[in-house]
Amino acid sequence: MSYKNPIIPGAHPDPSICRVGEDYYLCNSTFAYYPGAPIFHSKDLVNWRLIGHALNRPSQLPLEGVAANNGMYAPTLRHINGRFYMITTLVHHPTMGSQHLYVWADDPAGEWSDPIWINQRGIDPDLFQDDDGKVYFVRNNFGEGEPRGIVAAEIDLETGEMLSDMKLLWTGTGGYEPEGPHLYKFGEWYYLMLAENGTYYGHMETIGRSRILWGPYESCPHNPILTHRDVTPHPIKCTGHGDII
C-alpha cells in the first residue's frame, strides 16, 4: 500500500497507538486546547478518521487558567481487559499543579469516564499489562533530587492506587531528560522505549531490554533506533515520542 506523510495532517504530536483485532486507534497531545485527546481510527494505518475525544468536558480536564504550552501532555492509549484506557498528565494547572489522570471507555468512539487522578511527579505516563494480568504505571522521573530516568509501580486500575513502591527501571543512554516511556513484552523480553534529549534538536527514540520487568535494562547497540538529529536540512526536526504496535 502506498502512503504519503503526514498520515494525519496538522498539530498531532506525541502519538500513542493500540490495536484491537483488525482495528487501530491513535491518540495525541492537545495541551491547553479543548476538547482534548483526539481519538482516531484506522483499518490500515494509512487512512485515519477522527471518531471523538477522550477528554471533552470540564469534569475530565479543567483547563481554566492553563497556559498554551501546558495542559494535557503525552497520552498513552491501551486496551486492557476489554476496555480502552487513556492516561496522560495535566501539566502546570494554576491550582492543581501537575497530576496524572486516566479515563476509560468500552467504546473509544463513545463517552469516556470521568478521570481517576494520580498525584505523582513526572510526566508522560504509560500503562503496561504483564502476562499475569498485573498492570503497571510507568512515568518519567526528574527534578527535586530524584534520579533522571523511568520509574514504575504496580497499579490498581479501578482506584488508581499504587500497589508497590515506585522503582527506577532505566536511565536511558545518557540523553537529556529521558521521557515518553512505553513498556512492552515480546516473548521472554521486556522492552522499554523512551525519548531522550527533551524536545530539542537532539530528540531521539532509544530502547533497552531486560528479562525482568524491574531491570536492569541493556541498551540496544543500535540506539537511537529513530531520530532526525542528523538530518539537518530536513524541515521536520525535534521528533520523538513513538509507540510500537
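First, a word on what this report is: a plain description of the structure on this page.

### Describing the sheet that holds strand S1 (residues 16-20)
- Pairing is antiparallel across the open sheet formed by four strands, whose spatial order is S1-S2-S3-S4. Pairing within the sheet leaves two strands with one partner each, and these edge strands are S1 and strand S4 (48-55). Mean inter-strand twist for the sheet, computed between neighbouring axes without regard to direction, equals 25°.
- Bridging between S1 and strand S2 (residues 23-27) involves five bridges; their strand directions are antiparallel. When the bridges of S2 are listed, serine 16 appears paired with cysteine 27.

### Some words on the nonpolar core
- Judged by nonpolar contacts, the single largest core of 20 residues is most densely connected at Ala37, Ile39, Ala54, Leu55, Leu77, Met86 and Trp112.
- Elements that contribute at least two residues to this core include exactly S2, strand S3 (36-42), S4, strand S5 (71-80), strand S6 (83-93) and strand S7 (97-105).
- With residues near it in sequence (within four places) discarded, alanine 37 still touches Cys27, Asn28, Thr30, Gly52, His53, Ala54, Leu55, Met72 and Met86.

### Re unusual backbone geometry
- Here asparagine 5 and proline 6 are connected by a cis peptide whose omega angle stands at 0°.
- Within the secondary structure, proline 6 is located in the segment before S1.
- The peptide bond linking tyrosine 34 to proline 35 adopts the cis configuration, its omega dihedral lying at 0°.
- Its location among the elements puts proline 35 in the loop between S2 and S3.
- With a phi close to 70°, leucine 45 is a non-glycine residue in the positive phi region.
- Looking at the secondary structure, you find leucine 45 in the loop between S3 and S4.
- Although it is not a glycine, asparagine 197 adopts a positive phi angle of roughly 70°.
- Relative to the assigned elements, asparagine 197 resides in the loop between strand S14 (189-196) and strand S15 (204-210).

### Some points on the pairing of S3
- The element S3 is largely enclosed, with a buried count of seven among its seven residues.
- Pairing analysis gives four bridges linking S2 to S3, with the strands arranged antiparallel. Its bridge partner being in S3, leucine 26 is matched across the sheet by phenylalanine 40.
- Looking at chain direction, S3 and S4 are connected through six bridges and run antiparallel.

### Let's talk about the sheet that holds S6
- The sheet built from four strands is open, its strands ordered S5-S6-S7-S8 with antiparallel pairing. The open sheet is flanked by S5 and strand S8 (116-118), the only strands paired with a single partner. Adjacent strand axes in the sheet meet at a mean angle of 25°, parallel and antiparallel pairs treated alike.
- Sheet analysis places S7 next to S8, joined by three bridges and oriented antiparallel. Residue pairing across strands places tyrosine 102 opposite isoleucine 116, the latter belonging to S8.

The rules behind these values
Residues numbered from 1 in each chain as written. Predicted model: local features only at pLDDT ≥ 70, side-chain atom pairs only at ≥ 80, totals over all residues. Heavy atoms only, no water. Pairing = 2+ DSSP bridges. Helix = DSSP H or I, 4+ residues; strand = E, 2+ residues; numbered from the N terminus. Axes fitted to C-alpha atoms, helices over the stretch in contact; angles between N-to-C directions. Core = buried A, V, L, I, M, F, W, Y, C linked by side-chain atoms within 4.5 Å. Buried < 20%, exposed > 50% of the residue type's maximum accessible area, 1.4 Å probe, protein only. Contact = heavy atoms within 4.5 Å.

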